[in-house]
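Chain residues, written in single-letter form:
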Amino acid sequence: GLNAAAERSAAPPSGHSRGLRRRGEPAPCAARQPMRLTDGLRLEPGRIAAFVGAGGKTSAIRRLVSEAAGTWPLLITTTTKFAQAQSDLAPEQIILEAGASIEGVRERLAGGGALLVTGPLSVHEAKWTAPPGGTLHMLLAMVRELGGVALIEADGARGRSLKAPATHEPVI
């Protein structure tokens, strides 16, 4: 009698199996943890993440910088252009001119922080250009050597919410 009643009260509701839930039923609140974008993208030392398409590139980079701050050296750069207002993606920015040494980049990244590396401002618009030709490959090798992560905006949508890539895009 008593044991049977205790077993019935501990049994899951009819149609439910213990530990399972029906489709559409939320998970218990205690088990929920906010998803970290760094985990979702499986970012780890030596990785390179390129962001393309319309909408969300800068927001994703900004969130990754926030999540990974102090974890690894972070290089943020572009293969196209960054709006001048995006200088705040990292606490520091280095502007590389053609023929410039990248040793200053190594020194700053070795400290473990986030660093924005661009070319100079465009003469035609208020946008930072990509680091000068060939420099990107050296920067990426440096980031890997330092156990860092590179975040690259590899496609410009010019603020539009929808973009169809041209034949030469994305620039990865």
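What you are looking at is a predicted structure, and each value in this text was computed from that prediction instead of being measured. (Residues numbered from 1 in each chain as written. Predicted model: local features only at pLDDT ≥ 70, side-chain atom pairs only at ≥ 80, totals over all residues. Heavy atoms only, no water.)

**Q** Give a description of the pattern of salt bridges that names residues and reports values.
**A** Side chains bearing opposite charge may pair, as long as their charged atoms lie close to each other. If you walk through the whole model with that rule in mind, you get 8 salt bridges. For Asp-88, the salt bridge goes to Arg-62, with nearest N and O atoms at 3.1 Å. Separated by 26 residues along the polypeptide, Asp-88 in the loop between β3 (81–83) and β4 (92–95) and Arg-62 in helix α3 (residues 57–68) bring together distant segments of the chain. Assessed through its relative accessible area of 35%, Arg-62 is described here as partly exposed. (Salt bridge = Lys/Arg side-chain N within 4 Å of Asp/Glu carboxyl O. Helix = DSSP H or I, 4+ residues; strand = E, 2+ residues; numbered from the N terminus. Buried < 20%, exposed > 50% of the residue type's maximum accessible area, 1.4 Å probe, protein only.)

**Q** Provide a residue-level description of the nonpolar core, including the pertinent values.
**A** By size, the foremost hydrophobic cluster in this structure holds 19 residues, and its most contacted members are Leu-43, Phe-51, Ile-61, Val-65, Leu-74, Ile-76 and Leu-151. Where this core is concerned, the elements lending two or more residues are β1 (48–51), α3, β2 (74–78), β5 (114–118) and β7 (149–153). The residues contacting Ile-76, other than those within four sequence positions of it, are Ile-61, Val-65, Phe-82, Leu-89, Ala-90, Ala-114, Leu-115, Leu-116, Val-117 and Leu-151. If you look at the next biggest cluster of nonpolar residues, it comprises 16 residues, including Leu-96, Leu-136, Met-142 and Val-143. (Core = buried A, V, L, I, M, F, W, Y, C linked by side-chain atoms within 4.5 Å. Contact = heavy atoms within 4.5 Å.)

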